[in-house]
Amino acid sequence: MKQVASSLSIANYSMPEDILAAMNGFKDYTKGLQDDMLELHSLDQQETDRALDMIKGCADDGAASSGGREVAVLGLEALSGLVQDHRLKHEACRSKQAALASTWQGICQAYNVTRRSEHFTTAPQRCSSSQAADASPDTLETFHECLRATHEWAVGLWAPYQACLGAKEEHHNKKEQCDALQGQFESSACHHATKQGEVCICHKRAVDHFEALRANFAASQAARQHIHATAVQMDCYIDVLVSNDVDKKTALHHCKELSVDTSHLEITYGSVPTAAGTCSSPPPCSESWVVDEYSSRAWHDKATTATCTPCETITVGTPTPTPARRSGPAVVTDVYFTFSSFMALNKNTGQAMCWGPETYGGACSGRNFIGVTDVYSTDGAFFALSKNAGKGQCWGHASYGGSCSDIDFAGVTDATSNDRAFVVLNKNTGKGHCWGSSKHGGDCSSMNFAGFTNLSGYGNGFLAWSANTGRAQCWGWIGQHWGPDCSRVNLAGITDIASAEGSFVGLNKNTGEGLCWGSWHSGGSCGGMDFTGMTDVYSTDKAFMALSKTTGKAQCWGNSACGGSCSNMDFSGFTDVVSSYIDFVALNKNTGEGHCWGAWVGNGCSQVDFAGVTDVYAAKHSGFMALNKDTGKAQCWGAEVEEGLQAACDGTDLTGVTDVYSASS
């Protein structure tokens, strides 16, 4: 465009009307590009802000004060205050115990000195019991003389003895009181250590997720800024071409020297807060903890403590044991997860256990799950549905769909979720309900669900369609110039749907036809591709893969850096494909071969031995695990796998494990 404008400006060329109209149309396209870049920037900024909010959400998720609640549900700050209160009470008691020990030792030492004095080393003659019983005057006189001598001998020792005995008893009672306060202090310290561990794990995972986004978005930002600057410069050159009443040479020089401001496309990352509390504190009853809390105190020499009672521990794959808090159902039938919380459910008994940050669904005690048929989750909330009873319940963060008490679930036949919202559908009545983040599809009050037979969720929105008529509708984050806008899509005959970030692919296995729509940068265009024989479609957030497990033929498209390129790979005989948000991993169980491609595993996975691997699992943010269920051997790799977790994964015996679940990382 620059060369064309330069050539025509020299000739003082006037644009014909038909070409002029075409140039104006092209300018509309460049304007659309600018709008697209702003929309994509807005989405990445929203995701960045959400990731930062998750870090902040890890700070504390409990109550500010006890108010009669169980200690286990207090927040970190409240538990810190409780620990300090119990520490001070225990120390005050031990100081009194030490003082009483000094007093007792002094009083009893005085008694011992008196007891060993010359006066008391020679005891009087013992009085006879027979004399006391005898009625003879002479015998009684002898007894009375003995009694007087014994009294005169003992009266000087009795008072010191009583004082020593009383001091000992007072010290003993104080020690028992202090031992009880020690147990109370250690118990609250264990509860605090549990909460501190949860906060630190949540913070670490949330920060890792945030930094992974930052690294990924840095490249996206640079590309958007380049596209925006190019589009603005093209606008300028088009203005030179279509204008007939200006000095084109001057205008052309202006275009060449044009400095395009792209600062509005810079993502603001804010300040990453540090984890609340102290993540490096030694656990209660460890050697250093005992030294710090007990043996280094001034009172310890004269007021020794009882044996410290360690916290009950569970193995969590981290070097430091984490105090256990609760027990779950004896038999687990299903496990579900949000970004950082889990739910284990026994559908047969209705028992469940939730753990992780309470704000994001980590607390469900007291809820009745009897009759629950399905559980769905967003990044920060759970939704449990009983289709038979027509009842549902939600918990977790309200902006992620954690509140649904005002929704009638009677007759619901279908439900699904995306990152921040839920949707339910009653096929028989054609009614639907949405809740959660309205910008992410949580508001569908104006939609007509009549005739829809299927629901699908993607990161920022939803797709509803009819397999019979092909009618489709999308809602949520839908840009002006990029999809997924489903209003013109016909999905009749489509058998499989896969979604990326802002784009979809529909596959008709029967005819070998494929349909793509939505954002071009994440696979929304697949014109000219041959889907004949394809049996499966997979996706990352920015790319797609279509695979024929019969022939081993595969096609990848979309963002090549995030899994959109696999043309140099042979998938013959491959049995499994899993994906994170920017990576694919494919496995051939029969030959022990594996392929890895995408942003974080783009250099392959040559360090992984796939021989004997029975299953491969993916965490959302590019952490992978290969497991041999027969031997219990596991291998972990990817963006989120730090050295500690790598060691824990490689060194953990998973013999007997039948299922593996992952949260964000």
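Keep in mind that what you see is a predicted model, and the values were worked out from it rather than measured.

(A) Structural detail: the overall build of the protein. Helix and strand counts for the protein come out as 9 helices and 26 strands. Each of the 665 residues in the protein was classed as buried or not, and the buried ones make up 46%. Taking contacts inside the protein between residues at least 6 apart in sequence as the whole, the part at least 24 apart equals 53%.

(B) Molecular detail of the sheet that holds strand S11 (residues 431-436). Strand order in the open sheet made by the 3 strands is S9-S10-S11, with antiparallel pairing throughout. This sheet does not close on itself; its edge strands, each paired only once, are strand S9 (414-417) and S11. Looking at each pair of strands side by side, their axes are set apart by 10° on average, direction ignored. Sheet topology places strand S10 (residues 421-426) next to S11; 6 bridges connect them, and they run antiparallel. Among the inter-strand pairings, Val424 is bridged to a residue of S11, identified as His433.

(C) Spatial organisation of a nonpolar patch on the surface. On the surface, Trp158, Tyr161 and Leu165 cluster together to form a nonpolar patch covering roughly 320 Å² of accessible area. For Leu165, the location among the structural elements is in helix H6 (residues 137-242).

(D) Region of the structure containing empty space enclosed by the protein. Under the criterion given, the structure shown has 4 cavities of 30 Å³ or more. Each pocket or cavity is described by its volume, and for the largest cavity that value is around 60 Å³.

(E) View of the sheet that holds strand S16 (residues 503-508). Taken in spatial order, the 3 strands make up an open sheet running S15-S16-S17, and their pairing is antiparallel. Edge positions in the sheet fall to strand S15 (496-500) and strand S17 (513-518), since each has one partner strand and no second. Direction aside, neighbouring strands of the sheet carry axes that sit 15° apart on average. Taken together, the 6 bridges between S16 and S17 define a ladder with antiparallel strand orientation. Paired with Ser503 across the two strands is Gly518, which belongs to S17.

(F) Quick peek at the side chain of Lys542. Relative to the elements of secondary structure, Lys542 occurs in the loop between strand S18 (536-539) and strand S19 (543-547). Residue class for Lys542 comes out buried when judged on its relative accessible area of 4%. In this structure Lys542 touches Asn216, Ala500, Glu501, His521, Ser522, Gly523, Gly558, Asn559, Cys562 and Tyr581, once residues within four positions along its chain are discounted.

(G) How the structure looks around the packing of aromatic side chains. Enumeration according to the criterion identifies 29 aromatic pairs in this entry. Between Trp289 and Tyr294, the ring centres sit 5.6 Å apart and the planes meet at 80°, which makes this aromatic pair edge-to-face. The pair Trp289 / Tyr294 is uniform in exposure class, with both members buried. A connected cluster of aromatic rings, assembled from ring pairs, spans Tyr376, Phe383, Phe409, Phe422 and Trp435. Here the guanidinium or amino end of Arg471 rests over the ring plane of Phe452, the centre of that ring lying 4.0 Å away.

(H) The arrangement of the state of the cysteines in detail. Throughout the structure, instances matching the rule amount to 14 disulfides. The partner cysteine of Cys285 in its disulfide is Cys308, sulfur to sulfur 1.8 Å. Taking the sign of the S-S torsion, about -75° here, the bridge from Cys285 to Cys308 comes out left-handed. Within this pair, whereas Cys285 is found in the loop between helix H7 (248-256) and helix H8 (287-295), its partner Cys308 is found in the loop between H8 and strand S1 (313-314), the two being separated by 23 residues in sequence. Overall, the relative accessible area of 18% leaves Cys285 in the buried class. Its relative accessible area of 17% is what places Cys308 among the buried residues.

Reading the values: the criteria
- Residues numbered from 1 in each chain as written.
- Predicted model: local features only at pLDDT ≥ 70, side-chain atom pairs only at ≥ 80, totals over all residues.
- Heavy atoms only, no water.
- Helix = DSSP H or I, 4+ residues; strand = E, 2+ residues; numbered from the N terminus.
- Buried < 20%, exposed > 50% of the residue type's maximum accessible area, 1.4 Å probe, protein only.
- Contact = heavy atoms within 4.5 Å.
- Pairing = 2+ DSSP bridges.
- Axes fitted to C-alpha atoms, helices over the stretch in contact; angles between N-to-C directions.
- Patch = residues over 30% accessible without salt bridge, like charges linked within 9 Å, V, L, I, M, F, W, Y side chains within 5 Å.
- Areas by Shrake-Rupley, 256 points an atom, 1.4 Å probe, with all protein chains shown as cover.
- Salt bridge = Lys/Arg side-chain N within 4 Å of Asp/Glu carboxyl O.
- 1 Å grid on protein atoms, 1.4 Å probe; cavity = no way out; pocket = protein on both sides within 12 Å on 5 of 7 lines; lining within 4 Å.
- Points joined across faces, edges and corners; volume = space filled by probe spheres on them.
- Phe/Tyr/Trp six-rings, centres within 6.5 Å; stacked < 30°, edge-to-face > 60°.
- Lys NZ or Arg CZ within 6 Å of the ring centre and 35° of its normal.
- Disulfide = S-S within 2.5 Å.

Such coordinate-based values are descriptive only and should not be taken to indicate function.
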